[in-house]
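Descriptive analysis of the structure
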Amino acid sequence: MIVTTVTVRVPAKINLQLAVGPLRPDGYHDLVTVFHAISLTDEVTVAAAEADTVTVSGEGARQVPADKDNLALRAVSALRAVTALRGTGPSGGAPAGVAVTIRKRIPVAAGLAGGSADAAAALVGCNELWHAGFSQQDLCEVAAGIGSDVAFAVLGGTAVGRGRGERLTPALVAPARYHWVLAFADGQLSTPTVYGALDRLRGAQAVAAPELSAELMSALRAGDAGRLGDALGNDLQAPAISMFPPLRSTLTAGREFGALGSLVSGSGPTCFFLARGASHATDLAVALSGAGVCRSVTRVTGPAPGAGVIPPQAI
C-alpha cells in the first residue's frame, strides 16, 4: 500500500530533576535530568509534496517559525540525509518534499519542549511515510543531532538524560500513573537567556558536576507520589523566577492548595504541580485558576508514550 499521509501524536515533557553543571567551552552545560512525558500533546501530519513546507495552527501558532528554522523541517532534512546515505526509502534515494502540518496544544517557549516534540513527530512520521525502516533507537540517534530534547520525545515515558540531555537511559520506575496540574504563564522565557541568567547568578563560584538524585529515583521505583513531590528539583528555577517574578506567587499558591510538589518546568515559565490523584488534580486546577496566578491551567497525567503514529481510522 502506498502511504501518502501520516499523522503522529507526540507528548510534551516536564523535568522532574534538572541539574546543571558548569559552562562548557562550547557554550553548553553538562546536564543530568529526569524527563517525564505527559499527556499534553501536539499532532503532526506529514504528506508527500513537491517541496518541504510547514503549516502551524493552534496554541501559539504565530510564534512558531514557518521556515528552515522550524525544528520539524530540520528533522525532515536530517532524516532525508540519513535515508539517502543508507539507500532506504522510495527508489533507494532521497525522498521528495514533505508538507508538515502541526496542530499545537503544547505552548511555545514554555519549558515543555513543544518544538522538540514536533521535530520528533516529524522523524517518526517521515520514517513511516518513506518506509525507511529505522528503529526507535535509530531515530533517537538522528534526533540527538537536531536538539537536546528531541530524542526524549521519540522515546517518551520517564528517562534519565545526560550530556545536553540527548544521551538517554530509560528509568527503572514502578508502573504508577501520576496526576499533574500545569499552570501556564502569561509570557515566555528563552532557554538560552535563562541559562545565561544561571551563569550570572553563580558568578565565579565553583560548580560541581551534576548528579542524579538518589531520592528522586528511589521515589520513582517505589511509585510513591509523596516522596516524588519532595524530591523534585530544578537548577533553572531560581534564574527563571529572577526573570519572571510572578512565578514565585504561582508556586506558592500551588503549595498552599495542597500540591505534593511544585516546580518550574525546564527553563520555564510553565509551573507544574503534583496532585494526590485525579480528584485532587481537579480541585488544584480550579483553585489555581481562581487565584489569578497564571494565564490558564490544565490537568495531565504521566508518564505518556513517545511519538507514535495514529491509525488512519483514529484521526
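Here goes a summary of the coordinates provided. (Residues numbered from 1 in each chain as written. Predicted model: local features only at pLDDT ≥ 70, side-chain atom pairs only at ≥ 80, totals over all residues. Heavy atoms only, no water.)

1. Focus on the side chain of Asn-15
With respect to the secondary-structure elements, Asn-15 resides in strand S1 (residues 5-23). For Asn-15, a relative accessible area of 3% gives the class buried. Side chain to side chain, Asn-15 and Lys-13 meet in a polar contact 2.4 Å long. The contacts of Asn-15, once residues within four sequence positions are left out, are Thr-33, Val-34, Phe-35, Leu-263, Ser-265, Gly-266 and Phe-272. (Helix = DSSP H or I, 4+ residues; strand = E, 2+ residues; numbered from the N terminus. Buried < 20%, exposed > 50% of the residue type's maximum accessible area, 1.4 Å probe, protein only. Polar contact = N/O pair within 3.5 Å; in protein donor to acceptor, adjacent residues only side chain to side chain. Contact = heavy atoms within 4.5 Å.)

2. Regarding helix H1 (residues 71-86)
With 16 residues, H1 extends 23 Å from end C-alpha to end C-alpha; this agrees with the ideal 22 Å at 1.5 Å per step. Buried within H1 we find Ala-72, Leu-73, Ala-75, Val-76, Leu-79, Arg-80 and Thr-83. One side of H1 holds all its buried residues, which, seen down the axis, span an arc of 150°. Elements that come into contact with the buried residues of H1 comprise strand S3 (53-58), strand S4 (97-104), helix H2 (114-129) and helix H3 (136-144). Of the residues that open H1, the one with a side-chain oxygen 2.8 Å from the backbone nitrogen of Ala-72 is Asn-70. (Expected span 1.5 Å × (residues − 1). Arc of directions from axis to C-beta.)

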